[in-house]
Amino acid sequence: PRVVAQGEHTLAATLELRGVPITAVSTAAAFAAQVFLTAQLDAPAGDGAAAWLALLDANSVLPDLDSPRFGRNPLTGDLTMLWPCPLQDITPLHAYQRASHMA
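Since the model is a prediction, treat every value here as computed from it, not as a measurement.

### Quick notes on the overall build of the protein
Piece 1. Along the protein, the regular secondary structure elements total 2 helices and 6 strands.
Piece 2. Reading the helices (α) and strands (β) of the protein from amino to carboxyl end gives β-β-β-β-α-β-β-α.
Piece 3. Per-residue burial over the protein gives 31% buried out of 103 residues.
Piece 4. Approximately 6,600 Å² of the protein is accessible, and the part contributed by carbon and sulfur atoms is 61%.

Take a look at the structure:
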């Protein structure tokens, strides 16, 4: 996908894998260091509070600095998966594999 400047200090590109839009985002502060893969997912079904607590617990058991994390989009309340990718350690194939796992 084409990389598009999103404002003055952010670059982003989105591709869709199996119906899930995956966006690669890099901010000015991180241009040389890392890119973030994000996936906007549906909110958990069922007991909302328990589901959100389970996702927050998942954040604590993924020990690596470049492990995926879960959070909420502050604008929509939807589930967001964020996976930091240090640029010195990642190849295009690794980035695609991560995006595929996110989908």
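There's more to say after this.
### Points about the pairing of strand 4 (residues 34-41)
Regular strands place their side chains on alternate faces of the sheet.
Piece 1. Bridge count between strand 3 (residues 20-27) and strand 4: 4 bridges; the pairing is antiparallel. Paired with Ile22 across the strands is Ala39, a residue of strand 4.
Piece 2. In terms of strand pairing, strand 4 meets strand 6 (residues 79-86) through 8 bridges, oriented antiparallel. What sits directly across from Phe36, in strand 6, is Pro84.

### Description of unusual backbone geometry
Piece 1. A positive phi angle, close to 50 degrees, is found at Arg18, a residue other than glycine.
Piece 2. Residue placement: Arg18 occurs in the loop between strand 2 (10-17) and strand 3.

### Comments concerning helix 2 (residues 92-102)
Piece 1. Along helix 2, the positions that sit buried rather than exposed are Arg98, Ala99, Ser100 and Met102.
Piece 2. Buried-residue contacts for helix 2 involve strand 2, strand 3, strand 4 and strand 6.

### Describing the environment of Trp52
Piece 1. Locating Trp52 in the fold gives a position in helix 1 (residues 48-61).
Piece 2. A relative accessible area of 16% places Trp52 in the buried class.
Piece 3. Taking the C-alpha atoms as reference, Trp52 lies 9.1 Å from Arg72; in sequence the two are 20 residues apart.

Cut-off values and rules
- Residues numbered from 1 in each chain as written.
- Predicted model: local features only at pLDDT ≥ 70, side-chain atom pairs only at ≥ 80, totals over all residues.
- Heavy atoms only, no water.
- Helix = DSSP H or I, 4+ residues; strand = E, 2+ residues; numbered from the N terminus.
- Buried < 20%, exposed > 50% of the residue type's maximum accessible area, 1.4 Å probe, protein only.
- Areas by Shrake-Rupley, 256 points an atom, 1.4 Å probe, with all protein chains shown as cover.
- Pairing = 2+ DSSP bridges.
- Contact = heavy atoms within 4.5 Å.

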